[in-house]
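Residue-level structural notes
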Number of protein chains: 2
Amino acid sequence: MATTTAAQRRAQAKAEYDAFLAACPSRQLLDRISDKWVTLVLCALGAGGAMRYSELSRKLAGVSQKMLTQTLRALESDGLITRTVTPTVPVTVSYELTRLGSSLHLTVRALKSWAEANMDEVLARRSPG
Amino acid sequence: MATTTAAQRRAQAKAEYDAFLAACPSRQLLDRISDKWVTLVLCALGAGGAMRYSELSRKLAGVSQKMLTQTLRALESDGLITRTVTPTVPVTVSYELTRLGSSLHLTVRALKSWAEANMDEVLARRSPG
DNA sequence: CGGGATCCGCACGGATACTG
DNA sequence: CAGTATCCGTGCGGATCCCG
């Protein structure tokens with residue numbers, strides 16, 4: 001049928017990715033996004049819209065320039081965020097979620113919220129009787 | 001007021017956890033759960049119910065004994081999974097999600113699914129034109 | 001301001017051997 | 001089967017200096 005479209009074939013291919021398999025590309029992708037700084041960057045950008053480098057640096061307390069830059073570069077190359085340079089003096093750089101990044105933002109935000117919401121319960125179970 | 005109950009004060013405290021802050025306990029918790037092996041273990045247990053050590057080892061292709069054991073111990077001490085030893089010969093050990101673990105499972109499953117569903121798009125953006 | 005480049009410690013994580 | 005113990009490489013991540 002003519003209705004076996006590219007979209008359908010893509011859906012078929014998608015179903016074949018399995019992060020449980022060591023060699024599957026999605027395993028590497030999962031490793032990438034299962035990262036503290038990735039989660040916090042996406043949460044920050046998702047909540048605040050476009051943000052500048054220094055804003056992110058302040059928001060993500062304790063992050064080093066190296067890790068922040070490294071994280072931003074990785075997210076950019078994976079198409080999750082955009083990097084926009086405005087040639088002011090001094091230069092202004094702002095980061096923003098792409099549509100792809102926004103879709104992930106929903107999930108990582110849930111992860112961060114879970115950590116905050118269940119902190120008490122975890123603490124109670126760590127040093128109990 | 002007498003209506004300022006312990007439950008209310010606890011709700012207040014919960015709202016104060018902020019993973020953006022370096023010193024906040026939830027930051028450490030976020031770091032813990034933002035882990036590839038944690039995600040995969042929770043996904044496996046969430047999908048298959050109770051599982052034995054060797055089952056997990058097979059399901060999570062490529063994981064070393066050290067990392068698997070380490071991950072299981074951490075999840076156990078945080079109250080996310082239970083460890084049950086049955087004194088057969090040889091001994092049988094099975095792991096299962098707690099209620100707390102189940103609530104996190106929903107989120108990490110979304111993370112894994114996202115990685116698998118959006119793999120194509122990320123790959124397309126990595127080596128573009 | 002927004003990084004790049006470099007040095008370096010150390011802890012993360014793999015491999016192997018051994019145990020109850 | 002389900003680990004524990006040990007050795008060991010390496011890359012994560014912090015600190016520092018420099019640049020446009």
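Use the structure listed above.
Okay, so let's go over this structure. (Residues numbered from 1 in each chain as written. Chains lettered and ligands numbered in written order. Predicted model: local features only at pLDDT ≥ 70, side-chain atom pairs only at ≥ 80, totals over all residues. Heavy atoms only, no water.)

**Concerning the sheet that holds strand 3 (residues 92–97) of chain A**
All names here are of chain A. Overall, antiparallel pairing links the three strands, which are arranged 1-3-2 in an open sheet. The open sheet has two edge strands with one neighbour each: strand 1 (51–52) and strand 2 (81–86). The strands that helix 3 (residues 36–48) touches are strand 1, strand 2 and strand 3; relative to strand 3, the one it contacts most, it runs at about 90°. (Pairing = 2+ DSSP bridges. Helix = DSSP H or I, 4+ residues; strand = E, 2+ residues; numbered from the N terminus. Contact = heavy atoms within 4.5 Å. Axes fitted to C-alpha atoms, helices over the stretch in contact; angles between N-to-C directions.)

**A few points about the interface of chain A and chain B**
Contact residues are listed per partner, giving 54 residues for chain A and 53 residues for chain B. Broken down residue by residue, the surface that chain A buries against chain B is led by Phe20, Leu111 and Trp114 of chain A, which jointly contribute 16%. For the pair chain A and chain B, the interface holds six salt bridges. Mapped onto the side of chain A that touches chain B, the elements with two or more residues apiece are helix 1 (6–14), helix 2 (25–33), helix 3, helix 6 (99–117) and helix 7 (119–126) of chain A. (Buried area = accessible area lost by both parts, 1.4 Å probe. Salt bridge = Lys/Arg side-chain N within 4 Å of Asp/Glu carboxyl O.)

**Details of the protein's contact with DNA strand D**
The full set close to DNA strand D counts 14 residues, and Ser64 and Lys66 of chain A together with Ser54, Arg83 and Tyr95 of chain B are the nearest of them. For DNA strand D, the fraction of atoms within 4 Å of the protein that belong to sugar or phosphate moieties is 75%. Arg83 of chain B has a polar side-chain atom sitting 2.5 Å from a phosphate oxygen of DNA strand D. Taken together, the elements giving at least two residues each to the surface near DNA strand D come down to helix 5 (65–77) of chain A together with helix 4 (53–59), helix 5 (65–77) and strand 3 (92–97) of chain B. With three residues, the top contributor of residues to the surface near DNA strand D is helix 5 of chain A. (Near = heavy atom within 4 Å. Polar contact = N/O pair within 3.5 Å; in protein donor to acceptor, adjacent residues only side chain to side chain.)

**Concerning the pairing of strand 2 (residues 81–86) of chain B**
Residue and element names in this part refer to chain B. Pairing of strand 2 with strand 3, which is carried by six bridges, proceeds in the antiparallel orientation. Each residue of the ladder has a partner; that of Arg83, found in strand 3, is Tyr95. Between the end of strand 2 and the start of strand 3, which pair antiparallel, lie five residues.

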